[in-house]
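Remarks on the overall topology
The residues making up each chain are set out below.
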Amino acid sequence: MVAAKYARILLLLFTAILLAAWLFKYYVLPPDLDELEVPDGLHPIVAEKRDELTGRAARAGIPILITAGFRSIDEQNQLYNQGRTTPGKVVTNAKGGESFHNFGLAIDFALLDKNGEAIWDMEYDGNRNGRKDWDEVVEIAKEIGFESGADWEGEFKDYPHLQMDFGLTLRELQRGKKPPGIE
Ligand SMILES: [Zn+2]
């Protein structure tokens, strides 16, 4: 009887330790990005919405160019290094695995001027309706369901950036949670 009691206590202890180890790994340790399964392209819904955005903007007289979509973790790290350890100016604060682009959930856009050149002029009013084309594009994007990097809290705003999080935080994505439709 005494042996059985000890066995039960040991089992309980063992279970508690396992649970604590799991909680620690999941919530305390930084995610292991090498083990992370990431997609190799844009989420199909995001790709569909990207096309919808491009189409609706064009119909409003605003041609746009999608300058970025899915970005691998390696590509993100290279971009992060730019202006820090490699030449160029700093364009992102996100390392590999820290951007929604790495999960296929973000795009960046630029306006196209009359010559078809990409511009990032936020005052530009190419369709001459008295409104800034940039604002019009962001407005359409939000109607479609994108979140704008222009609305980010803090000093670093990413104006060309549009993302769809499907209710998931970056941390959840880093922990391997998948948006709907992704195995
Ligand atoms: Zn972006």
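- For the protein chain, the name recorded in an unreviewed UniProt entry is M15 family peptidase, with Peribacillus glennii as its organism.

Digging into unusual backbone geometry
- One non-glycine residue, Arg 128, lies in positive phi territory at about 50°.
- Using a relative accessible area of 74% as the deciding quantity, one classes Arg 128 as exposed.
- For Phe 166, which is not glycine, the phi torsion reads 50° and is therefore positive.
- Mapped onto the elements of the fold, Phe 166 is located in the loop between strand S5 (161–163) and helix H5 (170–174).

Overview of the packing of helix H2 (residues 44–59) against helix H4 (residues 133–144)
- Following both chains from N to C, one finds H2 and H4 inclined at 140°, their axes separated by 10 Å at the closest point. As the angle between them shows, H2 and H4 are arranged oblique. Handedness of the crossing formed by H2 with H4: right-handed. Here Lys 49, Glu 52, Leu 53, Arg 56 and Ala 57 of H2 come into contact with H4, specifically with Val 137, Ile 140, Ala 141, Glu 143 and Ile 144.
- Along the lines of polarity and charge, the residues of the contact of H2 with H4 split into six nonpolar, no polar and four charged.

Things to note about the domain arrangement of the protein chain
- Domain annotation of the protein chain identifies domain 1 (1–30) and domain 2 (44–174).
- A separation of 46 Å is found between the C-alpha centroids of domain 1 and domain 2.

Points about the packing of aromatic side chains
- Under the criterion given, the structure shown has one aromatic pair.
- Aromatic side chains Phe 109 and Trp 134 sit 4.5 Å apart centroid to centroid with 35° between the ring planes, which places their arrangement in the tilted category. Of this pair, Phe 109 sits in strand S2 (residues 106–112) while Trp 134 is found in helix H4, placing the two residues 25 residues apart along the sequence. Comparing Phe 109 with Trp 134 shows no difference in burial state: the two are buried.

Parameters and conventions
- Residues numbered from 1 in each chain as written.
- Predicted model: local features only at pLDDT ≥ 70, side-chain atom pairs only at ≥ 80, totals over all residues.
- Heavy atoms only, no water.
- Buried < 20%, exposed > 50% of the residue type's maximum accessible area, 1.4 Å probe, protein only.
- Helix = DSSP H or I, 4+ residues; strand = E, 2+ residues; numbered from the N terminus.
- Axes fitted to C-alpha atoms, helices over the stretch in contact; angles between N-to-C directions.
- Parallel < 35°, antiparallel > 145°, perpendicular 65-115°, else oblique.
- Left-handed = near helix turned anticlockwise from the far one by under 90°.
- Contact = heavy atoms within 4.5 Å.
- Nonpolar A, V, L, I, M, F, W, Y, C, P; charged D, E, K, R; others polar.
- Domains from an automatic or database assignment.
- Phe/Tyr/Trp six-rings, centres within 6.5 Å; stacked < 30°, edge-to-face > 60°.

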